[in-house]
Amino acid sequence: MKALFILLFAQLCSASLVPEREKDPEYWRRQAQETLRNALRLQRLNQNVAKNLILFLGDGMGVSTVTAARILKGQLQHGQGEESLLEMDKFPFVALAKTYNTNAQVPDSAGTATAYLCGVKANEGTLGVSASVTRDRCNTTKGQEVTSILHWAKEAGKAVGIVTTTRVTHATPSAAYAHSANRDWYSDGEMPPDALEGGCKDIARQLVENIPEIEVILGGGRKYMYPKNVSDVEYPHEEKHRGTRLDGRNLVQAWQESKPHGKVAEYVWHRRGLLALNLSRVDFLLGESLHPRVPWHQLGALDPSLSEMVSVAIRMLQKNPRGFFLLVEGGRIDHGHHEGKAKQALHEAVELDRAIGLATRLTSTQDTLSVVTADHSHVFTFGGYTPRGNPIFGLAPMQSDVDRKPFTSILYGNGPGYKIVAGERENVSAVDFAHADYQAQSAVPLRQETHGGEDVAVFARGPMAHLLHGVHEQNYIPHAMAYAACIGSNRGHCNAATRPVTPLLLPFFSLLLLLLC
């Protein structure tokens, strides 16, 4: 009865869902003309050198996730949703990136991270190495290491930072500093004997040793930094949170001791400690909570939000007069989708967008190139001819014409939401499909939902943002960003004699030439 009432109500109200202003054709014409004027302004390209670079990575944030997150954001603000704008929607340049790995049509997060951070496509499951490396084969890695844009920025004298809602040793952040034949080698406790004997290093150790002067590292996964069976500071009685290292090292202590004499290196593990820091007196910051981080609806006093971490990171990095590179990952979008929990995934996407807006307010488009993209998509979709303003987590306004049961607008191609009750598809009207932990129905039963293989969006704003346009291989992204910042190997255009003249200065130079003549 509940489902039938919802369907009837949707049909009765559909005619009244159109805002009055949208019934006037002039509304749409004026909107289009304003968009046209904004587009024409983009002909005055921003060719400044990018002092700062920020790469926002929504793990698993495919185009369908972006659209659904936009609707959710608008509905959280008491609007219908479709007309809402995400912060990333306001970026003037948009491209598509092809996400395949060298050996996989549908990619994983490690091979893609190597592409958009190191500028080289790689095999699935491998980090910071070329496609010559075979997953799990330690003996194939020597000489095949590739460096990242974070490394290029550090070599250029910039400050660098990593902020993530996952482990700091997870696939996305670790490609910025590590080289590994297996993304799961978080500590030596997860490595096979032959890899240890072959001289390969675990990822947590590489975090401390490979680029020791990363100014900001904020995320989760502290248990991989401590000796095996060492109790966790927050959950001392829970065995699953104990340290995992076999070498007996305390990598937090090693991280602090590796810093130059006279420099202040602060370690924090909860929100209160993070927000209480006097950043003017801190040179290096390592903040680690547990992983997995609690979902958006369970954040407590000990858990900083992504926006809070980004705020701290930017203010830390801005102290360097040469600028900075910052990697920001909204990593639990991916986790929500894998569990079939669309509500968690979309709220995480909205939080990432909130962090993007905050970063926009703390920086300037004149000297900061910001790029927003995803590593891959998911088999997540929403449809069913829903009316305008339909709750994004609500039912479609129809029943299946096959099994005569209602269905939610959001569905997955595969995953844990596949449920058969008494030989038939579960009737969603009998469950709380609005619950944060509800697993949306899927077509194929899997314990974990899979990635999707379609292209992902790339949004760009700031100096040289126009270099990101059309359809690109994913590994192009760091090359374009490095070009904009005059870092890495492609710096010939940065010489005074060859540097392009900023269009804003063209009238000045034209007048100067006239006077000289």
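What counts, and where the lines are drawn
Residues numbered from 1 in each chain as written. Predicted model: local features only at pLDDT ≥ 70, side-chain atom pairs only at ≥ 80, totals over all residues. Heavy atoms only, no water. Salt bridge = Lys/Arg side-chain N within 4 Å of Asp/Glu carboxyl O. Helix = DSSP H or I, 4+ residues; strand = E, 2+ residues; numbered from the N terminus. 1 Å grid on protein atoms, 1.4 Å probe; cavity = no way out; pocket = protein on both sides within 12 Å on 5 of 7 lines; lining within 4 Å. Points joined across faces, edges and corners; volume = space filled by probe spheres on them. Nonpolar A, V, L, I, M, F, W, Y, C, P; charged D, E, K, R; others polar. Buried < 20%, exposed > 50% of the residue type's maximum accessible area, 1.4 Å probe, protein only. Pairing = 2+ DSSP bridges. Axes fitted to C-alpha atoms, helices over the stretch in contact; angles between N-to-C directions.

Q: Whenever I open this one, the pattern of salt bridges confuses me. Can you help?
A: Any two side chains of opposite charge can pair if their charged atoms end up close together. Scanning the model with the defined rule gives 29 salt bridges in all. Of the charged contacts in the structure, one is a salt bridge between Arg70 and Asp89, with a shortest N-O distance of 2.8 Å. Pair noted here: Arg70 is in helix H3 (residues 63–76) and Asp89 is in the loop between H3 and strand E2 (93–98), with a separation of 19 residues, a long-range link. For Lys201, the salt bridge goes to Glu209, with nearest N and O atoms at 3.0 Å. Bridged by salt links that share partners, the residues Glu22, Glu82, Glu83 and Arg388 form one connected network.

Q: Teacher, can you tell me more about the layout of surface pockets here?
A: Left-over empty space is what a probe sized like a water molecule reveals as it rolls over the atoms. Put simply, the largest pocket is a space of about 870 Å³. Along the wall of the largest pocket there are 32 residues; nearest its centre are Asn38, Leu42, Lys90, Phe91 and Pro92. Here the lining of the largest pocket gets seven residues from one element, more than from any other, and that element is helix H2 (residues 25–41). For the lining of the largest pocket, the class distribution of residues is 13 nonpolar, 11 polar and eight charged.

Q: Just checking my understanding: could you explain helix H14 (residues 476–485) for this structure?
A: Residue pairs three or four apart in sequence face the same way in an α-helix, which turns once every 3.6 residues. By the criterion of burial, H14 is predominantly enclosed, with seven of the 10 residues buried. Ile477, Pro478, Ala480, Met481, Ala482, Ala484 and Ala485 are the residues of H14 that are buried. A positive phi of about 55° marks Cys486, the residue just after H14.

Q: What am I meant to see in the sheet that holds strand E10 (residues 380–382) here?
A: Note on sheets: strands pair through backbone hydrogen bonds, and any given pair is parallel or antiparallel. The three strands lie next to each other as E10-E13-E16, forming an open sheet whose pairing is mixed. Two strands bound the open sheet, and with one partner strand each, they are E10 and strand E16 (442–445). Strand-to-strand twist in this sheet, taken as the mean axis angle between neighbours without regard to direction, amounts to 20°. When strand E13 (residues 410–415) meets E16, the two strands line up parallel, connected through three bridges. Across the sheet, residue Asn414 finds its bridge partner in E16, namely Val444.

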